[in-house]
Amino acid sequence: KKKRQILWGWVAEEGSAPHEGEDWSSIQSLPRSVEIDPTNHSRLMFPAIEELQVLRGEPVGIAATAVGAGATTKLSIATSLNQMEILINISADFTKPGVQAGISVMGGVNITLGSLPTPNAEGVNMLQLNCGGKIGQSVIGPSSSSVSLRVFLDKSSIEAYAAGGRGVASHRVYPTQAQLQSAGLQLVNTGTVPVTIAGTAWPMAEAKRPSVEELLN
């Protein structure tokens, strides 16, 4: 048995709730492991649990792409655009101002990591995680020149993990199928300096509900 702590969050509904055709509102987040940051033992990090990887389908590579300031690059990924996992690495100097880049999903929702110009009170450089307008902060992580952004899309839910889970944010959206297909997936750079983005995307299967016997064994 694994000795670990797991955290579930509650993702509140946004806008008028419940939405049309639904008799419920709000959902439970994906389970997250509670871990001590190996680079700073005074901090916690909350990566998605490793068991979620069993839901991955065939990987689709995202080749290293230079994305200029203010530019976007649409990806040719033919998979379910509202049920997938995306892991990208953004290469830039996150200790300098002007970095703000990531990926656009679910009909045009930008998920970005941005540099903050001033270190915090402890003298640590931070970054900003923007998940469709939901703003959070994170320490940069082991590297200040390449930072990971992991995104889970599950129907109406977006969960974003910055720098291995050092920052986490969630968002609820309800795009139409037409909006999903029109916008697709795009690498985005809303900052003022060029960046390079590379990574992998996986279609994500639906989780299988265990039987009572499986739970008891």
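Just so it is clear, the model here is predicted, and its values are computed rather than measured.

Participant: Describe the nonpolar core, naming the residues involved and giving the relevant values.
Facilitator: If you look at the biggest cluster of nonpolar residues, it comprises 39 residues, and the most contacted ones within it are Ile86, Val105, Ile111 and Ile158. Leaving out residues up to four positions away in the same chain, Ile158 has contacts with Val105, Met106, Val109, Ile111, Cys131, Val151, Phe152, Leu153, Ala169, Ser170, His171 and Val173. Membership of the second largest hydrophobic core comes to 8 residues, among which are Leu30, Leu52, Leu55 and Met204.

Participant: Go over the pairing of strand 4 (residues 32-36), please, and point to the residues and values.
Facilitator: Pairing of strand 1 (residues 5-7) with strand 4, which is carried by 3 bridges, proceeds in the antiparallel orientation. Note on strand 4: the bridge partner recorded for Gln5 is Val34. Where strand 4 lies against strand 5 (residues 44-45), 2 bridges are found, and the strand directions are antiparallel. Bridging across to strand 5, Glu35 finds its partner in Met45.

Participant: Quick one: what's the story with the pairing of strand 14 (residues 157-162), residue by residue and with numbers?
Facilitator: Residues in a regular strand point their side chains to alternate faces of the sheet. Along strand 14, 6 of the 6 residues are buried, which leaves the element largely enclosed by surrounding structure. Burial along strand 14 is two-sided: Ser157, Glu159 and Tyr161 facing one way and Ile158, Ala160 and Ala162 facing the other are all buried. Here strand 13 (residues 146-154) runs beside strand 14; their pairing, made up of 6 bridges, is antiparallel. By the bridge assignment, Phe152 is partnered in strand 14 with Glu159. Sheet topology places strand 14 next to strand 15 (residues 167-172); 6 bridges connect them, and they run antiparallel. When the bridges of strand 15 are listed, Glu159 appears paired with Ser170.

Basis of the calculations
- Residues numbered from 1 in each chain as written.
- Predicted model: local features only at pLDDT ≥ 70, side-chain atom pairs only at ≥ 80, totals over all residues.
- Heavy atoms only, no water.
- Core = buried A, V, L, I, M, F, W, Y, C linked by side-chain atoms within 4.5 Å.
- Buried < 20%, exposed > 50% of the residue type's maximum accessible area, 1.4 Å probe, protein only.
- Contact = heavy atoms within 4.5 Å.
- Pairing = 2+ DSSP bridges.
- Helix = DSSP H or I, 4+ residues; strand = E, 2+ residues; numbered from the N terminus.

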